[in-house]
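Close look at the chain arrangement
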Amino acid sequence: MTEQAPIKVDMEKIVSLCRRRGFIFPSSEIYGGLSSCWDYGPLGVELKRNIKEAWWRAVVQERDDMVGLDASILMHPQIWEASGHLKGFADPLVECKSCHLRWRSDELENSNCPSCGGELTESRLFNLMFKTFIGPVEDEASVVYLRPETAQGIFVNFQNVVNTTRKRLPFGIAQIGKAFRNEITTGNFIFRSREFEQMEIEFFIKPVTDKEWFNYWLEERLNWYVKLGIKRENLRLRQHTKEELAHYARECYDIDYLFPMGWSELEGIANRGDFDLVQHASVSGKSLDYFDEESKEHFLPYIIEPSAGVDRSTLAFLCDAYDEELEDGETRVLLHFHPTLAPIKVAVLPLSRQEKPVTVAKQIYTDLRQQWMVSYDDAQSIGRRYRRQDEIGTPFCVTVDFQSLEDEQATIRERDTMNQIRVPIVDLKTTLQAKLEGESLFILPPGGSIWKVEREER
Ligand code: GAP
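Sequence order as written defines residue numbering, which begins from 1 separately in each chain. With pLDDT at 70 or above as the cut-off, local features in this predicted model cover only qualifying residues; side-chain atom pairs require 80 or more to be listed or tallied, and sums for whole chains, interfaces and linings still use all residues. Values reported for side chains reflect all heavy atoms of the structure, with hydrogen atoms and water molecules removed beforehand.

**Overview of the sheet that holds strand β21 (residues 396–400)**
Read from one edge of the open sheet, six strands run β20-β19-β21-β22-β23-β24, paired in mixed fashion. Since the sheet does not close on itself, it has two edges, and those belong to β20 (374–376) and β24 (449–450), each with one partner. Between any two strands, pairing holds if DSSP finds at least two bridges. Secondary structure elements follow DSSP: runs of H or I of four or more residues count as helices, runs of E of two or more count as strands, with numbering from the N terminus. Here strand β23 (residues 420–424) pairs with β24 via two bridges, running antiparallel. The residue of β24 that forms the bridge with I421 is I450.

Set out below in structure tokens:
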């Protein structure tokens, strides 16, 4: 967290909405919770899945120069020796001699305990990796670590991928997976936790092309957030100073987002040079050289690494989408999610619980859910049902009324504008598809009409 910024939405509102509507719960809640661990509920899991799918689509599916990987979380302990994590992945820790709370000394503003003002111990380095044992014997020889980043699984599979895919430089390997860090201080909801997910790319290049590819990935990654709806003014690039650079990095920029607590890192983009391949070749004793057929040379590629956090992205998309509108003295809370990310794409709402409209609405629901996550809601007034869907960011509601039984049309209502159109039921799927892909609400299928509503009933 670097500088104070104007607050748009406070974190309490986001935490409360997430809790209330089933996006995110504190972990192990019935046992009093487990510090800084979080469970994604029915809507949160959809949102997170959509973020990961959008990332995978952009960086793997739509590219010729990228492949995916899913490496195991537990890896050979020598990997962490080679990567530098055993020695260097540590934060300076101090403990209060009175209340025994522990703090990161580099984050303290003065030399006393921020909680009780007590005297602090000397600072010592605390390694952030979680240790466990592999197999039934708990001794030094069976120690393994929960990975603190997914990246190392990619480096140690570099040769496997080259040999099996025949990929030639430049190319990248992408991976999404859990990472674990025994952070000394956590907080700001899902921003910093001890168990989290990363979406990492290791992009292997010829060393002389590193500047060009570094700039390419800065732009590419920044644009990804903007395309998915994050406001450009809430994003910035921040270059790491020499003192801040990680041991492996030649150059690094953070993509910062203007979170409620101020500008903070969303994603890091680093030029790792050949640090990792040199280290793994040296510690494993296996050659990780790449043979370039054009120049007939053997060399170790450089690596550009865009490394994003799934949970931080989730928090950023939630904060950026959050909005409140005052309507007739009441507050309409809404999440302006990009349709790609919205947990529920369409809600089907019958205006009556009588058999005939319900049968039609259920048919529509059954049909649409073949394609998307769709919800069905017939409880309470239509106004309240719209508000419920607005609050979880559902882009479209489809209502079925008595007139639908006669004219075989249904109404599509848009979340952001509350505009409505009347569409033949047979065209609902294609119309919604077009609208979810970004077409204006008022483009109608043949036979459709703009529905006149004076005011939404509450
Ligand atoms: N392989 C490089 C690497 O791990 P990092 O900057 O330490 O770099 C990358 O982490 C991203 O992972 C961060 O930008 C952030 O989004 C996410 N991340 C890191 N630590 C986290 C934590 N404790 N809780 C949630 N997300 C975290």
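**A look at the side chain of S27**
Looking at the element boundaries, S27 is found in the loop between β1 (24–26) and β2 (38–40). What makes S27 buried here is its relative accessible area of 9%. A 3.5 Å cut-off defines polar contacts: any pair of N or O atoms within that distance qualifies, except that in protein one atom must be a possible hydrogen donor and the other a possible acceptor, and neighbouring residues in sequence count only when both atoms are side-chain atoms. A distance of 3.0 Å separates the side chain of S27 from the side chain of S28, its partner in a polar contact. To sort residues, take the accessible area from a 1.4 Å probe on protein chains only and compare it with the maximum for the residue type: under 20% means buried, over 50% means exposed, and anything in between is partly exposed.

**Notes on the packing of helix α2 (residues 42–61) against helix α9 (residues 310–321)**
Orientation of α2 relative to α9, taken along the N-to-C sense of each, is 110°, at an axis distance of 10 Å. Overall, the two elements α2 and α9 adopt an arrangement that is roughly perpendicular. Two secondary-structure elements touch here, α2 through L47, K48, I51 and K52 and α9 through V310, D311, S313, T314, F317 and L318. Three residue categories are used. Nonpolar comprises Ala, Val, Leu, Ile, Met, Phe, Trp, Tyr, Cys and Pro, charged comprises Asp, Glu, Lys and Arg, and polar comprises the others, including Gly. Its residues assigned to classes, the contact of α2 with α9 comprises five nonpolar, two polar and three charged. Throughout, an axis means a line fitted to C-alpha atoms (over the contacting stretch in the case of helices), and angles, computed between N-to-C directions, take values from 0 to 180 degrees. Oblique is the label for every angle not falling under 35 degrees (roughly parallel), over 145 degrees (roughly antiparallel), or within 65 to 115 degrees (roughly perpendicular). Note on definitions: a residue-residue contact is assigned when non-hydrogen atoms from the two residues lie within 4.5 Å.

**A few points about the packing of aromatic side chains**
For any pair of aromatic rings, the description rests on two quantities: the centre-to-centre distance and the angle between the ring planes. Each pair of aromatic rings taken from Phe, Tyr and Trp, with Trp reduced to its six-membered ring, is defined by centres within 6.5 Å and is described as stacked if the planes are under 30 degrees apart, edge-to-face if over 60, and tilted in the remaining cases. A full pass over the atoms with the stated rule returns 18 aromatic pairs. Between W38 and F189, the aromatic rings sit 4.8 Å apart at their centres with planes inclined by 85°, giving edge-to-face as the arrangement. Highlighted residues: W38 in strand β2 and F189 in the loop between β9 (171–180) and β10 (195–205), separated in sequence by 151 residues. You can call W38 partly exposed: its relative accessible area is 28%. Ring centres of W224 and F317 lie 6.1 Å apart, and the angle between their planes is 80°; on these two criteria the pair is classed as edge-to-face. Within this pair, whereas W224 is found in helix α7 (residues 210–227), its partner F317 is found in helix α9, the two being separated by 93 residues in sequence. Here the aromatic residues F203, W213, Y216 and W217 are joined through ring pairs into a cluster of three or more. Over a ring means this: the NZ of a Lys or the CZ of an Arg is within 6 Å of the ring centre and within 35 degrees of the ring normal. The ring centre of Y40 lies 4.1 Å from the NZ or CZ of K48, which sits over that ring. Against the face of Y248 rests R272, its NZ or CZ located 3.5 Å from the ring centre.

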